[in-house]
Each structure stands twice: as C-alpha cells, then as structure tokens.
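Chain by chain, the residues run as shown.
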Amino acid sequence: MRSAGLIERYRAWLPVDDATPVVTLGEGSTPLLRAPRLGARLGVDLWLKYEGMNPTGSFKDRGMTMALSKAAQDGAKAVICASTGNTSASAAAYSARAGIRCVVVIPGGKVALGKLAQAQVAGAVVVQIDGSFDDALRLVRIMSEEHPITLVNNLNPYRLEGQKTAAWEILDDLGHVPEWMCLPVGNGGNITAYWRGFREAHERGDCDRLPRMLGAQAEGSAAMVRGVDVERPETIATAIRIGAPVRREEAGAAARDSGGGFAAASDREILDWFGHAVRDEGVFCEPSSAASLAGLANARRDGLVPEGAEVVCVLTGHGLKDPDNAIAESAPPVTIPAERSALEAVVLGDGT
Ligand code: AN7
C-alpha cells in the first residue's frame, strides 16, 4: 500500500472527502526496526521508527500530503512556510506535485545542505533571513494573514492530522502500544500529533492503554525542558534549533498527561548517538533525529525511563540530509596509489 500514500491508507480517519485531490508521493508506511545492539547500549527494548524513509527524507511528508491536498482542494495559488530545513524540502516537493507556488523562509546559514538542495531544485522561492527560525515564522505568519497565501507550518491544522498516522502504523506493526515513545522536539508539533494519534486509536478501541511520551531536546534550544523560551537557540542539531515552540501547550500536555517528560542532550551527546545508531544498527539519521536517542540515554541515567522498558524512538530525518556533520564525524577515506599492493596492504590490515 505504500505507493498509495497515507491518505489512502487511513482515509476513513482523516479530514478528506471524495472531492479532495490527493497530493501524494507515497509517504508513510515507514519501517519499524528492532534495534538490539543500540537497545543494549541504552538498557531498553528498543525499536526505531525510521521516518527518514519518507519521500523527501523526513516525517514532514506525512503532514505535507494533507496540507497540500487541502490547499489544492481550497484552490490555493501559493503556500508559504518558515523552516529549519525539512519542512521547506517537503513543502517544495509537495507544492511541485500539486502545481502550486511555494515560498520558504529559512534562517540564513543554518540549514543542512541536503535540505537546502531539495528546496532549491524543486523550484521553491528560497528566502534566507538574517535571523532565527522563530523570526522566520513571525514573518510568514504575517504574510499568510495579510495575503491569499496558505501557511503550511504546523499551525496549519491539517499538518498534524497527517503526522498522527505514524502512531497508527506503530500500533499496526508492533501489535500493541509501546511503553514509551521518544522523539525529538522543536516546535512540539510531532509529539502533539503522536499523542493525538494514540489517543484516537484508544478511543476507537484499537488499543487498551497509552504510551508515555518522552520529548528530547538539544541543550542549546531546550525550551520545553527549561519551561521558558530560549532567546538565541544554538545547536548543531539545526532542525530543532527553535527557541519558541509553537505547540508548547500541547506538547507539554502530551508529556504531562501521558506520565512522560522532557530530556535535554548536549551537542556532543547527540553526535555520539548519531554515530551509535549507524554503527550499531546501520540506521543513518540526521543529528537532530539522534537527539531522541541522546535524550533517552539521559532520561535513563536520571531514572525517568526504567531499565528494560519497551521504547520506540522516532528517527525523524535521513542522514543524507546533513552530509557536512556526517563527514565531520567520520574518518576520511584511506587514499592510496592505484596499485594492487597498496590496496592489499589496506585490505589485509597493515596499511591503515
Ligand atoms: C528531523 O523543518 O521545524 O517538534 O522547519 O526536522 O514537530 O517541530 C523541523 C523539525 C524533529 C522537530 N526532527 O519536530 C522545520 C522543523 C527533525 C525535524 C523536528 C524537526 P517538531
């Protein structure tokens, strides 16, 4: 069913009708992978929801298929968003698919290379500002209020409606509700969407309990952990370099009402877990996604998550999004002359 996309898979429970032109790139139905080695390192029974496998390489596609389908149904001529990168890549692709003009506003110099390439090549108008994501969002909100341009940030209600489907996929694949869900938090949209998804499934009788929700943040932009906005957010995890979470109230309620919480991790910890994920399990995610693993490690250390708990960690974006950090965190290739003996020396282990 993957090629049909998530609107067809979950049509009965989404706000679409027969007249909605479905704008899809085959998003959703991403792998849920058991992660035994990484789990042993964390002391939990670990599963990874590999959202980097969506069409543009991040979970944003789940919300964007809904947002652009509804924008097309409403006759929108243009959409706009602020973005730390993944939203812009997704909006650009789904707008191209819908034949709708797309404008993205990004914090100058703070968007990972792969994401910038995606937005540029898909023909979006890419606007860099000398400011943060929070500044960009303030500007695009004004544009969408004053002009006939549809906002596709997660303030757009259809975004979270699409994103909540990930919770239902986990239920389908696991066969039950995990004890803990752990995911990186920037604006708090995704944790809000998962919590909504699980609650709706519970109301339908599809599950008999709810997971505890753990939100992970980078120390330099840990607005939920601190309980106050961060004036100048700074982290290597640029996707979650957000100081004023738009969904603060709902994200806080998800953590509180579920009996979960929030945890912070330093940039060094985030990069270490980014490395563990791919070296232990072969799962290549972007550093911001690895914040969920680093946050989980710290929540284990602090006793919030008990040993042996069943945890699903959401890896929100693909590793190819951020080649600069990947290369900086790895050994360079071995360089040799184009000769058999030189290669043999490396292969047999005495040449490195
Ligand atoms: C990989 O693209 O906000 O808590 O503008 O790209 O719902 O904000 C990205 C967010 C986690 C945080 N992981 O999700 C954007 C943007 C990745 C992300 C988040 C983002 P929210």
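Residues numbered from 1 in each chain as written. Predicted model: local features only at pLDDT ≥ 70, side-chain atom pairs only at ≥ 80, totals over all residues. Heavy atoms only, no water.

Enquirer: Describe unusual backbone geometry, listing the residues and the values that go with them.
Expert: In this structure, Ser29 takes a positive phi of about 50° despite not being glycine. Along the polypeptide, Ser29 turns up in the loop between α1 (5-9) and β1 (32-34). (Helix = DSSP H or I, 4+ residues; strand = E, 2+ residues; numbered from the N terminus.)

Enquirer: Got a sec to walk through the domain arrangement of the protein chain? Specific residues and values, please.
Expert: We note that the domain assignment places domain 1 (6-58 + 159-328) and domain 2 (60-156) within the protein chain. Computed from C-alpha atoms alone, the centre-to-centre distance between domain 1 and domain 2 is 21 Å. Across the contact, 50 residues belong to domain 1 and 37 residues belong to domain 2. When domain 1 packs against domain 2, close to 3400 Å² is buried across both sides, 52% of that on carbon and sulfur atoms. Three residues, Val23, Arg159 and Lys321, lead the burial of domain 1 against domain 2; their summed loss comes to 26% of the area buried on that side. (Domains from an automatic or database assignment. Contact = heavy atoms within 4.5 Å. Buried area = accessible area lost by both parts, 1.4 Å probe.)

Enquirer: Quick rundown of the packing of helix α4 (residues 86-98) against helix α5 (residues 113-121)? Include the residues and the values.
Expert: Where α4 contacts α5, the axes come no closer than 8 Å and their chain directions differ by 25°. Compared by their axis directions, α4 and α5 come out roughly parallel. Crossing of α4 over α5 shows left-handed handedness. When α4 is examined against α5, the residues Asn86, Ser88, Ala89 and Ala92 are found in contact with a partner set consisting of Lys115, Gln118 and Ala119. A breakdown of the residues in the contact of α4 with α5 according to their chemical character gives 3 nonpolar, 3 polar and 1 charged. (Axes fitted to C-alpha atoms, helices over the stretch in contact; angles between N-to-C directions. Parallel < 35°, antiparallel > 145°, perpendicular 65-115°, else oblique. Left-handed = near helix turned anticlockwise from the far one by under 90°. Nonpolar A, V, L, I, M, F, W, Y, C, P; charged D, E, K, R; others polar.)

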